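Descriptive structure summary
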Amino acid sequence: EDQVTQSPEALRLQEGESSSLNCSYTVSGLRGLFWYRQDPGKGPEFLFTLYSAGEEKEKERLKATLTKKESFLHITAPKPEDSATYLCAGGGAQKLVFGQGTRLTINP
Amino acid sequence: DAGITQSPRHKVTETGTPVTLRCHQTENHRYMYWYRQDPGHGLRLIHYSYGVKDTDKGEVSDGYSVSRSKTEDFLLTLESATSSQTSVYFCAISHGLAAPYEQYFGPGTRLTVT
């Protein structure tokens with residue numbers, strides 16, 4: 001059975017304190033590993049797609065990396081506006097399996 | 001903004017009544033999806049469509065039906081709403097079988113069944 005597991009469930013950081021979120025996956029026929037950001041009361045917002053092990057992508061203070069079993073979302077010197085729930089999903093061409101998310105809070 | 005709208009955005013209904021949620025896209029994407037999001041369960045796929053009149057079930061399809069008569073519209077129907085269907089419902093779209101495979105989400109519909 002396809003499965004995506006994210007850890008930790010929640011993370012509190014001080015502004016400027018870098019950290020990483022983890023996404024472990026077992027997805028048959030994986031075509032891509034996806035990261036989304038979700039703010040309260042809104043739909044998930046697409047951040048990155050990673051297609052193969054060793055790939056890295058960056059956007060502002062975020063960098064996503066991929067291995068054969070895990071993906072990491074590294075957050076460097078975060079700001080309060082980075083507070084959100086971050087979702088990871090793995091999938092084939094037609095369907096995605098989502099993890100339950102990591103709720104990130106950045107305190108000023 | 002991925003050009004996806006959902007209606008209504010909020011709805012309160014009574015147990016046993018039928019409910020239809022609408023997803024409309026302006027992107028001409030082939031694939032459309034309906035998810036529900038609940039605390040402790042994350043996003044779960046209800047049904048998806050890979051073309052006009054072509055649909056398939058997801059992992060939590062019991063109690064739900066869908067229809068797609070036009071490329072731009074994907075309807076989710078609860079034939080007889082139950083309290084367990086209280087949730088936030090998201091529509092998503094994607095290109096489909098060719099990369100990029102990422103899905104883009106609408107703003108959601110909050111449904112409460114009393």
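Use the structure listed above.
This section reports on the structure supplied with the text. (Residues numbered from 1 in each chain as written. Chains lettered and ligands numbered in written order. Predicted model: local features only at pLDDT ≥ 70, side-chain atom pairs only at ≥ 80, totals over all residues. Heavy atoms only, no water.)

Concerning unusual backbone geometry
Across the junction of A:Ser7 and A:Pro8, the peptide omega takes the value -10 degrees, indicating a cis bond. Looking at where A:Pro8 falls in the secondary structure, it is placed in the loop between strand 1 (3-7) and strand 2 (10-14). For B:Asn28, which is not a glycine, the phi torsion comes out positive at approximately 60 degrees. With respect to the helices and strands, B:Asn28 occurs in the loop between strand 3 (19-25) and strand 4 (31-38). When its relative accessible area of 62% is taken as the criterion, B:Asn28 is described as exposed. (Helix = DSSP H or I, 4+ residues; strand = E, 2+ residues; numbered from the N terminus. Buried < 20%, exposed > 50% of the residue type's maximum accessible area, 1.4 Å probe, protein only.)

Regarding the nonpolar core
Residues and elements named next belong to chain A. If you look at the biggest cluster of nonpolar residues, it comprises 22 residues, and the most contacted ones within it are Leu33, Trp35, Leu73 and Tyr86. When residues of this core are traced back to their parent elements, those giving at least two are strand 2, strand 3 (19-26), strand 4 (32-38), strand 5 (45-50), strand 7 (62-66), strand 8 (70-75), strand 9 (84-91) and strand 11 (102-107). Not counting the four nearest positions on each side in its chain, Tyr86 is found in contact with Gln6, Leu21, Trp35, Tyr36, Arg37, Leu47, Leu62, Leu73, Gly101, Thr102 and Leu104. (Core = buried A, V, L, I, M, F, W, Y, C linked by side-chain atoms within 4.5 Å. Contact = heavy atoms within 4.5 Å.)

Things to note about the interface of chain A and chain B
With 18 residues of chain A in contact, the opposing surface of chain B contributes 25 residues. Between chain A and chain B the total buried area reaches about 1700 Å² when both faces are included, carbon and sulfur atoms providing 56% of it. One can count 0 salt bridges joining chain A with chain B. Linking chain A with chain B are 4 residue pairs in polar contact (both at pLDDT 80 or more). Of all the secondary-structure elements, those providing two or more residues to the side of chain A that touches chain B are strand 4, strand 5 and strand 10 (96-98) of chain A. Looking at the side of chain A that touches chain B, the element that brings in the most residues is strand 4 of chain A, giving 3 residues. (Buried area = accessible area lost by both parts, 1.4 Å probe. Salt bridge = Lys/Arg side-chain N within 4 Å of Asp/Glu carboxyl O. Polar contact = N/O pair within 3.5 Å; in protein donor to acceptor, adjacent residues only side chain to side chain.)

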